Amino acid sequence: ESHAGAAAVALVVTPNHLTVAHAGDCRAILVKKEGATRSFEALTHDHVAERSICAEEADRVERAGASNEPGSVRVGEHDLPMTRAFGNLRLKVAAGRDWTQEAANAQVVTALPDVSVFARGPDDLAVVVASDG
C-alpha cells in the first residue's frame, strides 16, 4: 500500500471558456496582454487547511474528523500541508474510519477537485499550468 501522493491541475480550453480542475498545491494563472488592467489572473488557489487562507477547507477537514495545525492537516501521527491530493492513503480518513467506505467529499485529504469555468476575454494571452507533484 503506497503512502505517496500528488497534486494535479487540468485545463480545458474552448473558444469562449477556460475550465480548470485542481486538487492540491498546483496553479493555473491566466496571463493578460500588455496594457490590460491586470497583468494576470489566478485561476486556482492552494488547498490548505489554514483558516486565514482557506476557511472553507479548514471547516471541511474538521468535519471529516481531522485537526488543522499551523501549516498542515493532521490525522493520527501523519500530516500533510495540503487538504486535497491523489493518494496519501494514511490521510484520507480519521482514525476508526475506512477510506474505501467514505464519500470523496467526506475524506480528510480528498482527491475531489475544485472545478471553475472562466469566460475568455480579448486581453487573454496565455495560461500557465504548474504543479510540483
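See the structure above.
Because the structure is a prediction, the values reported are computed rather than measured.

What counts as what
- Residues numbered from 1 in each chain as written.
- Predicted model: local features only at pLDDT ≥ 70, side-chain atom pairs only at ≥ 80, totals over all residues.
- Heavy atoms only, no water.
- Helix = DSSP H or I, 4+ residues; strand = E, 2+ residues; numbered from the N terminus.
- Buried < 20%, exposed > 50% of the residue type's maximum accessible area, 1.4 Å probe, protein only.
- Contact = heavy atoms within 4.5 Å.
- Areas by Shrake-Rupley, 256 points an atom, 1.4 Å probe, with all protein chains shown as cover.
- Lys, Arg positive; Asp, Glu negative; His and termini not counted.
- Charge placed at Lys NZ, Arg CZ, Asp CG, Glu CD.
- Salt bridge = Lys/Arg side-chain N within 4 Å of Asp/Glu carboxyl O.
- Pairing = 2+ DSSP bridges.
- Axes fitted to C-alpha atoms, helices over the stretch in contact; angles between N-to-C directions.
- Polar contact = N/O pair within 3.5 Å; in protein donor to acceptor, adjacent residues only side chain to side chain.
- Core = buried A, V, L, I, M, F, W, Y, C linked by side-chain atoms within 4.5 Å.

J.: How should the overall build of the protein be read in this particular structure?
T.: In terms of regular secondary structure, the protein is built from 1 helix and 11 strands. Projected onto the principal axes, the alpha-carbon positions of the protein cover approximately 55 × 25 × 25 Å. Each of the 133 residues in the protein was classed as buried or not, and the buried ones make up 33%. A separation of at least 24 residues holds for 54% of the contacts in the protein among residues at least 6 apart in sequence. With the model as given, the accessible surface of the protein reaches about 7,500 Å², and the carbon-plus-sulfur share is 52%. Averaging the coordinates of the 13 positive side-chain charges in the protein and doing the same for the 19 negative ones gives two points 3 Å apart.

J.: I would appreciate a short explanation of the pattern of salt bridges in the present structure.
T.: A side chain of one charge can pair with a side chain of the opposite charge if their charged atoms are brought near each other. With the rule as written, the count across this model stands at 8 salt bridges. For the salt bridge of aspartate 124 with lysine 32, the shortest nitrogen-to-oxygen distance reads 2.9 Å. Here aspartate 124, found in strand E11 (residues 124-130), pairs with lysine 32, found in strand E4 (residues 27-32); they are 92 residues apart in sequence, far enough to count as distant. For aspartate 124, a relative accessible area of 13% gives the class buried. For arginine 74, the salt bridge goes to glutamate 69, with nearest N and O atoms at 3.2 Å. Connected through salt bridges with shared partners, the residues Glu57, Arg60, Arg84 and Asp114 form a single ionic network.

J.: Honestly, unusual backbone geometry in this entry has me stumped. Any pointers?
T.: As a rule of thumb, non-glycine residues mostly have phi less than zero, and peptide bonds are mostly trans rather than cis. Positive phi is not limited to glycine here, since asparagine 88 has a value of about 50°. Residue position: asparagine 88 is located in the loop between strand E9 (86-87) and strand E10 (114-119). Residue asparagine 88 is classed as buried on the basis of its relative accessible area, which comes to 9%.

J.: Which parts of the structure should I look at to understand the sheet that holds E10?
T.: Strand pairing in a sheet relies on backbone hydrogen bonds, with the paired strands running either antiparallel or parallel. Spatial strand order, E2-E3-E10: 3 strands in an open sheet with antiparallel pairing. Of all the strands in the sheet, just strand E2 (8-13) and E10 have a single pairing partner and so form its edges. Pairwise comparison of adjacent strand axes, ignoring direction, gives a mean angle of 15° for this sheet. In this sheet, strand E3 (residues 17-23) lies alongside E2 in antiparallel orientation, the contact comprising 6 bridges.

J.: Just checking my understanding: could you explain the side chain of lysine 32 for this structure?
T.: Within polar-contact distance, the side chain of lysine 32 engages the side chain of aspartate 124 at 2.9 Å. When sequence neighbours within four positions are dropped, the list of residues in contact with lysine 32 reads Arg38, Ser39, Phe40, Glu41, Asp123, Asp124 and Leu125.

J.: Whenever I open this one, the nonpolar core confuses me. Can you help?
T.: Counting residues in hydrophobic clusters, the biggest one holds 21 residues, and the most contacted among them are Val20, Leu43, Ala66, Val73, Val108 and Val109. Mapped onto this core, the elements with two or more residues apiece are E3, E4 and strand E7 (72-75). Those residues in contact with valine 108 that sit more than four places away from it in its chain are Arg60, Val61, Ala64, Ala66, Val73, Val75, Thr83, Leu91, Lys92, Val93 and Ala94.

J.: Honestly, the pairing of E4 in this entry has me stumped. Any pointers?
T.: On a regular strand, one side chain projects to one face of the sheet and the next to the other, so that they alternate. Burial along E4 is one-sided: Ala28, Leu30 and Lys32 are buried, and none of Arg27, Ile29 and Val31, which face the opposite way, are. In this sheet, strand E5 (residues 40-42) lies alongside E4 in antiparallel orientation, the contact comprising 3 bridges. Within E5, the residue paired with leucine 30 across the bridge is glutamate 41.

J.: Would you take a moment to explain the sheet that holds E4 for this structure?
T.: Taken in spatial order, the 3 strands of this open sheet run E5-E4-E11, and their pairing is antiparallel. The two strands at the open ends of the sheet, each matched to only one other strand, are E5 and E11. Each strand axis lies, on average, 20° off the axis of its neighbour in the sheet, ignoring direction. The sheet contact formed by E4 and E11 spans 6 bridges and is antiparallel. Paired with arginine 27 across the bridge in E11 is alanine 130.

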